[in-house]
Amino acid sequence: MRTIKIYGEMLMLRYGDRRDGEAFEFLDHLCTGASRMEALVRDLLEYTQVTRIQAPAEPIDSNEALASALDNLVGAITESGAVVTADPLPKVRMHNTHLRQLFQNLIGNAIKYRSPEREPAVHVDGRREGACVFSVRDNGIGIGPEYRELIFGLFKRLHTSDEYSGTGIGLAICRRIVEQYHGRIWVESERGSGSTFFFEISD
Ligand code: ADP
């Protein structure tokens, strides 16, 4: 997929100035399709590999997992002007990669599904009450009550790729990770004014 995409982009760059009718448009479709397919393969690989890593013997520092998720999201955060805040998080017995993936998918979505009406603000919290409960709250577009279960299914999306890019795999990855720890994930939301995703890990 990468080869198709790279050569397509090279053609666009080299011959883009000779925009002769349909050829350029077809090339544009080819590059967009290749990019989508590349994202799909990448996300599906991530989905299948969730169960390959096991929990460590000792609890890990959740603040470090959050810091690496934020490092990976620096482009989206800068571009959107999102303000991401966090309370000190408890230790949890999870693999660092799993916790990083959870934060990265949930914060990435919180930024992607931001409201056009206000600056995006995301808050991450975590507390231990027997089990560890983490939350990621946003002030984005929100999710209707009828979709709050459905969105955790594989390939389930509420928008077209033209409205918001995506593969519909991110939340399914989150659910798969959480289930590996016999935990649960859910969302509370008000359409139009934001969502809070929670996940609970009993370690
Ligand atoms: P993707 O973002 O690739 O579509 P996800 O599995 O991450 O796939 O999310 C599934 C769907 O859930 C999204 O298409 C979107 O409609 C909805 N969604 C996820 N997170 C949020 C959020 N923070 N605010 C509003 N809608 C969301």
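(A) Representation of the overall build of the protein chain in the model. Across its full length, the protein chain carries six helices and seven strands. Mapped from its N terminus to its C terminus, the protein chain presents α and β elements in the order α-α-β-α-α-β-β-α-β-β-α-β-β. In the protein chain, buried positions account for 39% of the 203 residues. Taking the intrachain contacts of the protein chain between residues at least 6 apart in sequence as the baseline, contacts between residues at least 24 apart amount to 70%. When the accessible area of the protein chain is evaluated, it comes to approximately 11,600 Å², of which 52% is carbon and sulfur surface.

(B) Structural context of the side chain of Asn-105. With respect to the secondary-structure elements, Asn-105 resides in helix 5 (residues 96–112). For Asn-105, the residues in contact, after removing those within four places along its chain, are Glu-46, Gly-170, Ile-173 and Cys-174.

(C) A look at the nonpolar core. Leu-99, Phe-103, Ile-107 and Phe-199 are the most contacted members of the largest nonpolar core, which totals 40 residues. Those elements giving two or more residues to this core turn out to be helix 3 (62–72), helix 5, strand 4 (121–129), strand 5 (131–138), helix 6 (170–180), strand 6 (184–190) and strand 7 (194–201). If one sorts the elements of this core by residue count, helix 5 sits on top with seven residues. Among all residues touching Leu-99, those that are not within four sequence positions of it are Ile-60, Ser-62, Ala-65, Val-92, Met-94 and Phe-199.

(D) Quick look at the pattern of salt bridges. Taken as a whole, this structure holds nine salt bridges when the rule is applied. Residue Glu-129 pairs with Arg-127 through a salt bridge whose shortest N-O separation is 3.0 Å. On the accessibility criterion, Arg-127 (38% relative accessible area) is partly exposed. The salt bridge partner of Arg-191 is Glu-146, with a shortest N-O separation of 3.8 Å. With a gap of 45 residues between them, Arg-191 in the loop between strand 6 and strand 7 and Glu-146 in the loop between strand 5 and helix 6 connect regions that are remote in the sequence. Put simply, Arg-2, Lys-5 and Glu-38 are held in one network by salt bridges that share partners.

(E) Geometry of the site of the ligand. The ligand sits among 21 residues. The nearest are Asn-109, Tyr-113, Arg-157, Thr-167 and Leu-171. Measuring from an oxygen atom of the ligand, one finds a side-chain N or O atom of Tyr-113 at 2.7 Å. The protein chains hide 97% of the 530 Å² of surface that the ligand would expose on its own. Broken down by secondary-structure element, the contributors of at least two residues to the shell around the ligand are helix 5, helix 6 and strand 7. The dominant element in the shell around the ligand, judged by the number of residues it contributes, is helix 5, at three residues.

(F) Inspection of the sheet that holds strand 2 (residues 83–86) at higher detail. With mixed pairing, five strands are arranged side by side in an open sheet as 2-4-5-7-6. With one partner strand each, in any of the chains shown, strand 2 and strand 6 form the two edges of the open sheet. The sheet shows a mean angle of 15° between the axes of neighbouring strands, taken without regard to direction. Of the pairings in the sheet, the one linking strand 5 to strand 7 comprises six bridges and is antiparallel in character. In the strand pairing of strand 7, Phe-134 is matched with Phe-199.

(G) Highlighting the state of the cysteines. Evaluation of the coordinates by the stated rule reveals zero disulfides. Here Cys-132 stays unpaired: no disulfide links it, and the sulfur of Cys-174, its closest cysteine neighbor, is 17 Å away.

(H) Up close: unusual backbone geometry. In this structure, Phe-155 takes a positive phi of about 65° despite not being glycine. Looking at the element boundaries, Phe-155 is found in the loop between strand 5 and helix 6.

Cut-offs used in this document
Residues numbered from 1 in each chain as written. Predicted model: local features only at pLDDT ≥ 70, side-chain atom pairs only at ≥ 80, totals over all residues. Heavy atoms only, no water. Helix = DSSP H or I, 4+ residues; strand = E, 2+ residues; numbered from the N terminus. Buried < 20%, exposed > 50% of the residue type's maximum accessible area, 1.4 Å probe, protein only. Contact = heavy atoms within 4.5 Å. Areas by Shrake-Rupley, 256 points an atom, 1.4 Å probe, with all protein chains shown as cover. Core = buried A, V, L, I, M, F, W, Y, C linked by side-chain atoms within 4.5 Å. Salt bridge = Lys/Arg side-chain N within 4 Å of Asp/Glu carboxyl O. Near = heavy atom within 4 Å. Polar contact = N/O pair within 3.5 Å; in protein donor to acceptor, adjacent residues only side chain to side chain. Pairing = 2+ DSSP bridges. Axes fitted to C-alpha atoms, helices over the stretch in contact; angles between N-to-C directions. Disulfide = S-S within 2.5 Å.

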